[in-house]
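Coordinates in review
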Amino acid sequence: MSWLFDGISNWIRQFLIDGIMASFARIFGQVNDQVADIAVQVGQTPAGWNAGVFNMIRNLSETVVLPIAGMILTFVLCYELIQLIIEKNNLQDFDTFNIFKWIFKTFIAVFILTNTFNIVMAIFDMAQGVINNAASLISGDTALGSPEMMAALEASMVDMSIGELMGIWLQIQLIGLAMFIMSIVIFIVVVGRMLEIYLTISIAPIPLSTMVNREWSGVGNNYLKALLAVAFQGFLIMVCVAIYAVLVGTIASAANIHVAIWTVVGYTTLLCFMLLKTGGLAKSIFSAS
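Residues numbered from 1 in each chain as written. Predicted model: local features only at pLDDT ≥ 70, side-chain atom pairs only at ≥ 80, totals over all residues. Heavy atoms only, no water.

Looking only at helices and strands, the protein chain has ten helices and zero strands in total. Classification of the 289 residues of the protein chain by burial places 39% in the buried group. Taking all contacts inside the protein chain whose residues are at least 6 apart in sequence as the whole, residues at least 24 apart take part in 86%. For the protein chain, the accessible surface area stands at approximately 15,000 Å², while carbon and sulfur atoms represent 69% of it. (Helix = DSSP H or I, 4+ residues; strand = E, 2+ residues; numbered from the N terminus. Buried < 20%, exposed > 50% of the residue type's maximum accessible area, 1.4 Å probe, protein only. Contact = heavy atoms within 4.5 Å. Areas by Shrake-Rupley, 256 points an atom, 1.4 Å probe, with all protein chains shown as cover.)

Printed below as a string of structure tokens:
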């Protein structure tokens, strides 16, 4: 009868091994798809990511926000003219050059306001060029679950008992749920950045309308810093992916299946944490409040 029990045991063990390998493939595929999508999402301009949303934001900005920005600009320019008059002893020491200076400032302010979207898109095009150049220089395969790795994992389970295989199967199910949550976090960070970009450019005319005045220019300057921060956040995200690529390259050499499992979880958790930090780090670098 021993041959019967051995046959049943071998069948159960092989069944568990096949289930574990299938779970591994599903988890690795889920993470690989999400990480690969990072480069695709980050490598697109606001206009290219979703043309429909971009056109809607541009429409709102030009039809709703721009008239308000025009009123603010009128106030700022009138305030600037009053300041020029009173700072020279109520026109007693007034220099005619100040009038030309005010006219020049008015021309610059109107030019900035009427070309707001071109200026904003120029900033994103510049940042996109940096990101695309970085993507071409960053080498490394971020894919988990190479054939060599999967073969090594399967070979390490051949001599395990049914109890050990059951324990690994239970771990895999819990880790699968955790990795699914991490995939959602990665999606939220990457897509959330694009939504933040759309929200930022939708209000662009208002802060840019304050650029020509010394006392009010802080609003516009801070806006440009925030714009640069969210634009170059994509570069920091690409660096995170490059670091992740280097780290996951060491998993294939893990001889112990438990080490491989928890290494995958650790590196993916690290990637999520790094992605969550990129927004604050970019704002810190550009001193954007």
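Having seen it, we continue.
Packing of helix α7 (residues 162-202) against helix α9 (residues 217-248) leaves a shortest axis separation of 11 Å and a crossing angle of 160°. Classified by the interaxial angle, the pair formed by α7 and α9 is roughly antiparallel. Where α7 crosses over α9, the handedness of that crossing is left-handed. Contacts between α7 and α9 involve Arg 193, Glu 196, Ile 197, Thr 200 and Ile 201 on the former and, on the latter, Tyr 223, Leu 227, Val 230, Ala 231, Gln 233, Gly 234 and Ile 237. Across the contact of α7 with α9, the residue classes break down as seven nonpolar, three polar and two charged. (Axes fitted to C-alpha atoms, helices over the stretch in contact; angles between N-to-C directions. Parallel < 35°, antiparallel > 145°, perpendicular 65-115°, else oblique. Left-handed = near helix turned anticlockwise from the far one by under 90°. Nonpolar A, V, L, I, M, F, W, Y, C, P; charged D, E, K, R; others polar.)

Quick look at the confidence of the model for the protein chain now. Overall, the prediction assigns the protein chain a mean pLDDT of 77, with 79% of residues at 70 or greater. No element of the protein chain has a lower mean pLDDT than helix α6 (residues 147-157), at 68, and none a higher one than helix α8 (residues 205-208), at 87. (pLDDT = per-residue confidence, 0-100.)

The next subject is the packing of aromatic side chains. Tallied over the entire structure, the rule returns four aromatic pairs. Ring centres of Trp 49 and Tyr 198 lie 5.9 Å apart, and the angle between their planes is 50°; this geometry places the pair in the tilted category. Taken together, the residues span a long stretch of sequence, with Trp 49 in helix α2 (residues 46-49) and Tyr 198 in helix α7 at a distance of 149 residues. (Phe/Tyr/Trp six-rings, centres within 6.5 Å; stacked < 30°, edge-to-face > 60°.)

Okay, the pattern of salt bridges next. In total, this model carries two salt bridges according to the counting rule given. The closest approach of N and O atoms between Glu 62 and Arg 58, which form a salt bridge, is 3.1 Å. Of the two residues, Glu 62 and Arg 58 are both situated in helix α3 (residues 51-86); the distance of four residues between them amounts to about one turn of the helix. Accessibility expressed as a relative area gives 38% for Glu 62, which makes it partly exposed. With its nearest N and O atoms 3.7 Å apart, the salt bridge here joins Glu 196 to Lys 283. (Salt bridge = Lys/Arg side-chain N within 4 Å of Asp/Glu carboxyl O.)

What follows is about α3. Given a rise of 1.5 Å per residue, 36 residues ought to cover 52 Å, and the 49 Å separating the end C-alpha atoms of α3 matches this to within 8%. Taken as a whole, α3 carries its principal kink of about 45° at Val 65; the proline Pro 67 stands between one and four residues after it. For α3, the complete set of buried residues consists of Phe 54, Ile 57, Ser 61, Val 65, Ala 69, Leu 73, Val 76, Leu 77, Glu 80 and Leu 84. (Expected span 1.5 Å × (residues − 1). Bend = angle between axes of the 7 residues up to and from the residue.)

This brings us to the packing of α3 against α7. Two elements in contact, α3 and α7, have axes separated by 9 Å at closest approach and are oriented at 20°. Overall, the two elements α3 and α7 adopt an arrangement that is roughly parallel. Along this stretch, α3 crosses α7, giving a crossing that reads as right-handed. Taken together, the residues of α7 that come into contact with α3 (itself represented by Val 53, Phe 54, Ile 57, Ser 61 and Val 65) are Tyr 198, Ile 201 and Ser 202.

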